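Results of the structural survey
Listed below are the residues making up each chain.
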Amino acid sequence: RGRERDDRSRVVAMLRHVATAAMRRLATPGGSGVRAFAGHNARWRAAFSSEGEGQDGESAADASTSESSVQDSAAEGADAAVDAAAEPAADAPSTSDDARAGDADGDVAPGVRFTGDKYESIELKAETPDGDDVKMTAVRPLIPADESLMEKDGWLYDMTEQGHTVHNNPNIRNAHLSDRTKTQMYMMHLRDPKTWDVARLAEQYKIRQQRVMAILALKKLQQQHLNEGKDTFPHLEAAWEEIHGSEDRGSGERHVRIVPELPKFQVVHANTSPEELDAILPKYESPEAKAEKEERVLIRKFRDNLAYNTRETAPSLNRRGRIRRPHARPPGGWGLMVVPMVESNSKKTHARAKREGWRVEADAPYVAYPDGTKREANEDEKVMFARRRSRPFRKIV
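Residues numbered from 1 in each chain as written. Predicted model: local features only at pLDDT ≥ 70, side-chain atom pairs only at ≥ 80, totals over all residues. Heavy atoms only, no water.

1. Some words on the overall build of the chain
Definition in use: Each helix corresponds to a stretch of at least 4 residues labelled H or I by DSSP, and each strand to a stretch of at least 2 residues labelled E; elements are numbered beginning at the N terminus. To sort residues, take the accessible area from a 1.4 Å probe on protein chains only and compare it with the maximum for the residue type: under 20% means buried, over 50% means exposed, and anything in between is partly exposed. Contact definition: two residues touch when any of their heavy atoms are within 4.5 Å. Here the open area of atoms and residues is found with the Shrake-Rupley method and a 1.4 Å probe, where only the protein chains shown may cover a residue.
When helices and strands are tallied, the chain shows 11 helices and 8 strands. Counting only residues that meet the buried cut, the chain has 28% of its 397 residues in that class. Taking the contacts inside the chain whose residues are at least 6 apart along the sequence as the reference set, 64% of them involve residues at least 24 apart. Taken as a whole, the chain presents about 27,800 Å² of accessible surface, with 52% of it coming from carbon and sulfur.

Below you can see the structure in the form of structure tokens.
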């Protein structure tokens, strides 16, 4: 059994190594993996092929990808002014004066280009309330997206009154916000977090608050990578916008609740007054009001999960797995989390406690160490217990 386990571990490690190598080649603009997308459909053929055909029937892009590679230069972020379409308010963060396109470098065959190799860099600035100056560079492709090459396959069943279809789906704009718009949202939030909070930004850009929170979290992570000198691959963002298009505003997305309901009849006296009917009959709640109530629950759950996943709450907890990737053994040995239990949890005990006016509950959890000492659970460990606790939640359709 031990030998089988070792062989299985070797196979898993080998497959993981192969998958990692393949993804690296696909992520490289000049890698041979680009050729695999060249003949997939019209969208990728236009993105990764040349205008002419080679002698053997293959396109010049297919013939040259194995011979040459493209090295995308980091676009020099000179100063550029953001146009009025992306300017949401008069007190938005200041931008620079001009922009310079970042062209691809390297030996490339004539007539061959890779998606995202030509883009414009726009530098945005903001001053935080603490007086720190923050600079970030947004990208915008110089070649506009071709509407005729965008994907129209799939299915869409719209249960709302909007009647959207695959070929007429304005809500897709909410997922295609431009990098310039996302960077500007982050700068506005850094400049004045109280004025441009999540709710105000969602209203300004006509998207849901969950999307705003995700954008701010990802832009914060991007800023940390820039400060550490890591590459953020701007050509990939430019390629995405060039293929799928980009928008400066959403379409006003919102949570919609449409659930068939049956009438609830109630027998009352014929001479009942309208005031008595209002007190007897259940209050009517419109689907819009129910959707707003559910949206508040969804926003709270998304905020809590996002804060936990980004380590804003409980940063000391191990999220990688305590069995495969445990923490280093601390000096003196591990501490054990002790969760006390009640002596009796029967119905008779609970009934007696209710009669006598006391509650059946266990002592608070604590951490016991090998030397005999113990301490109370800290804030991070309380977050762990809160996430383990099951909470009743009505299913949202």
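Moving on from the coordinates now.
2. Overview of the nonpolar core
What counts here: We call a set of buried residues a nonpolar core when its members are Ala, Val, Leu, Ile, Met, Phe, Trp, Tyr or Cys and they connect through side-chain atoms within 4.5 Å of each other.
Counting 22 residues, the largest nonpolar core has Met 185, Met 187, Leu 201, Tyr 205, Ile 207, Val 212 and Leu 216 as its most contacted members. Among the elements that take part in this core, helix H4 (residues 179-191) stands out by supplying 5 residues, more than any other. In this view, Val 212 contacts Met 185, Val 198, Leu 201, Ala 202 and Ile 207; residues no more than four positions away in its chain are not counted.

3. A look at the pattern of salt bridges
Put simply, the rule reads: In what follows, salt bridge is the name for a side-chain nitrogen of Lys or Arg lying within 4 Å of a carboxyl oxygen of Asp or Glu.
Scanning all chains against the criterion turns up 13 salt bridges. In this structure, Lys 219 engages Asp 179 in a salt bridge whose closest nitrogen and oxygen atoms are separated by 2.7 Å. Taken as a pair, Lys 219 in helix H6 (residues 209-227) and Asp 179 in helix H4 lie far apart in primary sequence, 40 residues in all. In this structure, Lys 219 and Asp 179 share a single accessibility class: buried.

4. A word on the sheet that holds strand S6 (residues 336-338)
Convention followed: For two strands to be treated as a pair, DSSP must find at least two bridges joining them. Only the stretch in contact is used when a helix axis is fitted, and all axes are lines through C-alpha atoms; the angle between N-to-C directions ranges over 0 to 180 degrees.
Pairing is antiparallel in the open sheet, where 3 strands are placed in the order S6-S7-S8. In the strand order of this sheet, the two ends are held by S6 and strand S8 (374-376), each with one partner. In this sheet, adjacent strand axes meet at a mean angle of 30 degrees when their direction is disregarded. Both S6 and strand S7 (residues 366-368) contribute to a ladder of 3 bridges, which runs antiparallel. Its bridge partner lying in S7, Met 337 is registered against Val 367.

5. Focus: the packing of H6 against helix H9 (residues 287-309)
Put simply, the rule is: Any angle from 65 to 115 degrees is called roughly perpendicular, while one under 35 is roughly parallel, one over 145 is roughly antiparallel, and all others are oblique. Crossing chirality is assigned from the near helix's rotation relative to the far helix, an anticlockwise turn below a right angle marking it left-handed and a clockwise turn marking it right-handed. Classification used: nonpolar for Ala, Val, Leu, Ile, Met, Phe, Trp, Tyr, Cys and Pro, charged for Asp, Glu, Lys and Arg, polar for all others including Gly.
Contact geometry for H6 and H9: axes closest at 9 Å, N-to-C directions at 15 degrees. Judged by the angle between their axes, H6 and H9 are roughly parallel. Crossing hand, H6 versus H9: right-handed. Note on element contacts: H9 touches H6 through Glu 295, Leu 298, Ile 299, Phe 302, Arg 303 and Leu 306, opposite Gln 209, Gln 210, Met 213, Ala 214 and Ala 217. The residue inventory of the contact of H6 with H9, partitioned by class, reads 7 nonpolar, 2 polar and 2 charged.

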